[in-house]
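Spelled out from the first residue to the last, the chains are:
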Amino acid sequence: MAVTTSVWRYLPILKWKQGERRALQELSAPQWEKLVPVLELPGVRAAPDLAALRAALPAYVAKVRKDMDKAIPEHKPVAIDARWVAPSYANQLRLLRILCNALAQDSDRRIIPVLTEAVANGAVELARFAAFPEVMLRLNVQGIELSQVGAAVDELHKAGLARRSVHLVLDQQSIVNDDPATRFVALCPYVDEALKCSVASVTVTGGSFPVNLMGMKHGRHRIARVEWQIWRRLVPIPAYARLRYGDYTVTNPGPVPDMDPAQVNPSVAIRYAAATEWHVFKAGGFKKGPPDQY
């Protein structure tokens, strides 16, 4: 019997920090209607080696699950990306599977594992993902050849995963200050190739918000939303009518810098998404700053 796959119009890729969790809690039911989040889980800080990782995972999973249940309606599917949990761990597919199984245990919530272009490196482990009703294949289009799009989907199919259970994500990663027209031209061949793969869905994503606001003076600034401007070029094309959209909200696609909160003084800032750009209102440092900065 065919399994119904998840549907979304918007796929936000979220660093799973307090700010993102609070933002999700504020969404209304209509806003959740066509939205499925991708959670980039944070690192396990107390796990310098394999033994420590195994010992830390139960408490880590319990914390993630508690935060997830608080921020996301229980009926909503959630995609889990484990790339930052323990980057030095050799068997990333196994780690992802363990985390997704643990988060799904004793729950009606559908967990969608997020695989990457490195799927061909673990065929035996990959076959075990056939037990999930659906998976997400997230490909960095700036780091792969065009031929690798179909090849990656083929690897999943050879491992026993149905093509119609695969959501293909064409991720442009960081495109800060890039020219939207140039990026659009570069992306289209990957979209064409993806649409030939007979998968459940194809989503295009990217992020153009800077890593930080250093160098910006106090006041108002405008930053181009490159990924959204690319999307606006894609939408009118009839062949691309089935495409879905995703982004990194108001964060940069890169990993969160490992900084000591006691040693940094972030700027007070408001980031507002407009039609083609962000309006950023920047004030002084958060610590010991005037009480009326916001």
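Details of the structure are given in the entry above.
Residues numbered from 1 in each chain as written. Predicted model: local features only at pLDDT ≥ 70, side-chain atom pairs only at ≥ 80, totals over all residues. Heavy atoms only, no water.

Colleague: Any chance you could explain the pairing of strand β7 (residues 201-207) here in plain terms?
Modeller: Of all seven residues in β7, seven are buried; the element is thus mostly enclosed. Residues Ser201, Thr203, Thr205 and Gly207 point to one face of β7 and Val202, Val204 and Gly206 to the other, with burial holding for every one of them. As judged from the six bridges shared by strand β6 (residues 166-174) and β7, these two strands associate in the parallel manner. By the bridge assignment for β7, Ser174 is matched with Gly207. The handedness of the β6 to β7 crossover, carried by helix α7 (residues 180-195), is right-handed. Relative to strand β9 (residues 244-247), β7 runs parallel, the two sharing two bridges. Within the sheet, the bridge partner assigned to Thr203 lies in β9 and is Arg244. (Buried < 20%, exposed > 50% of the residue type's maximum accessible area, 1.4 Å probe, protein only. Helix = DSSP H or I, 4+ residues; strand = E, 2+ residues; numbered from the N terminus. Pairing = 2+ DSSP bridges. Right-handed = clockwise from strand over helix to strand, strands pointing away.)

Colleague: So what exactly am I meant to see when it comes to the packing of α7 against helix α8 (residues 226-234) here?
Modeller: Helix packing geometry: the angle between the two helix axes and the distance between the axes. In contact at an axis separation of 9 Å, α7 and α8 are set at 60° when each is read in the N-to-C sense. Here α7 is positioned oblique relative to α8, judged by the angle of their axes. Remark: the crossing between α7 and α8 carries right-handed chirality. Residue-level inspection shows Pro180, Ala181, Arg183, Phe184, Leu187 and Cys188 of α7 in contact with α8, the latter providing Val226, Gln229, Ile230, Arg233 and Leu234. Taken together, the residues of the contact of α7 with α8 sort by class into eight nonpolar, one polar and two charged. (Axes fitted to C-alpha atoms, helices over the stretch in contact; angles between N-to-C directions. Parallel < 35°, antiparallel > 145°, perpendicular 65-115°, else oblique. Left-handed = near helix turned anticlockwise from the far one by under 90°. Contact = heavy atoms within 4.5 Å. Nonpolar A, V, L, I, M, F, W, Y, C, P; charged D, E, K, R; others polar.)

Colleague: Got a minute to help me understand the nonpolar core in this structure?
Modeller: One recurring pattern in soluble globular proteins is that nonpolar side chains are buried together. Residues Ile80, Leu168 and Leu234 are the most contacted members of the largest nonpolar core, which totals 68 residues. No other element matches helix α3 (residues 50-71), which puts nine residues into this core. Residues Trp8, Ile13, Ala79 and Ile112 belong to the second largest nonpolar core, which totals eleven residues. (Core = buried A, V, L, I, M, F, W, Y, C linked by side-chain atoms within 4.5 Å.)

Colleague: How do you make sense of the sheet that holds strand β4 (residues 111-116) when you look at a structure like this?
Modeller: Hydrogen bonds between backbone atoms are what pair the strands of a sheet, whose relative direction is either parallel or antiparallel. Strand order in the closed barrel formed by eight strands is β1-β2-β3-β4-β5-β6-β7-β9, and the pairing between neighbours is parallel. Direction aside, neighbouring strands of the sheet carry axes that sit 25° apart on average. By the bridge criterion, three bridges tie strand β3 (residues 78-81) to β4 in an arrangement that is parallel. What sits directly across from Ile80, in β4, is Pro113.

Colleague: Would you mind showing me how to read the environment of Gln148 here?
Modeller: You can see Gln148 is positioned in helix α6 (residues 147-158). Given the relative accessible area of 34%, Gln148 is considered partly exposed. Between the C-alpha atom of Gln148 and that of Leu234, which follows or precedes it by 86 residues, the distance is 22 Å.

Colleague: What exactly am I supposed to notice about the pattern of salt bridges here?
Modeller: Pairing is possible between side chains that carry opposite charge, provided their charged atoms lie close to one another. By the definition in use, this model includes 16 salt bridges. The partner of Glu134 in a salt bridge is Arg110, with the nearest N and O atoms 2.8 Å apart. Here Glu134, found in the loop between α5 (123-127) and β5 (135-140), pairs with Arg110, found in the loop between α4 (92-104) and β4; they are 24 residues apart in sequence, far enough to count as distant. What makes Glu134 buried here is its relative accessible area of 0%. Residues joined in a network through salt bridges with shared partners are Lys15, Glu40, Asp81, Arg83, Arg138 and Asp171. (Salt bridge = Lys/Arg side-chain N within 4 Å of Asp/Glu carboxyl O.)

Colleague: It is not clear to me how unusual backbone geometry should be interpreted in this structure. Could you clarify?
Modeller: Even without a glycine there, the phi angle at Asn177 is positive, about 65°. Note that Asn177 resides in the loop between β6 and α7. For Asn177, a relative accessible area of 69% gives the class exposed. Its identity is not glycine, yet Thr249 carries a phi of approximately 50°, on the positive side. Mapping Thr249 onto the fold places it in the loop between β9 and β10 (267-273). Its relative accessible area of 24% is what places Thr249 among the partly exposed residues.

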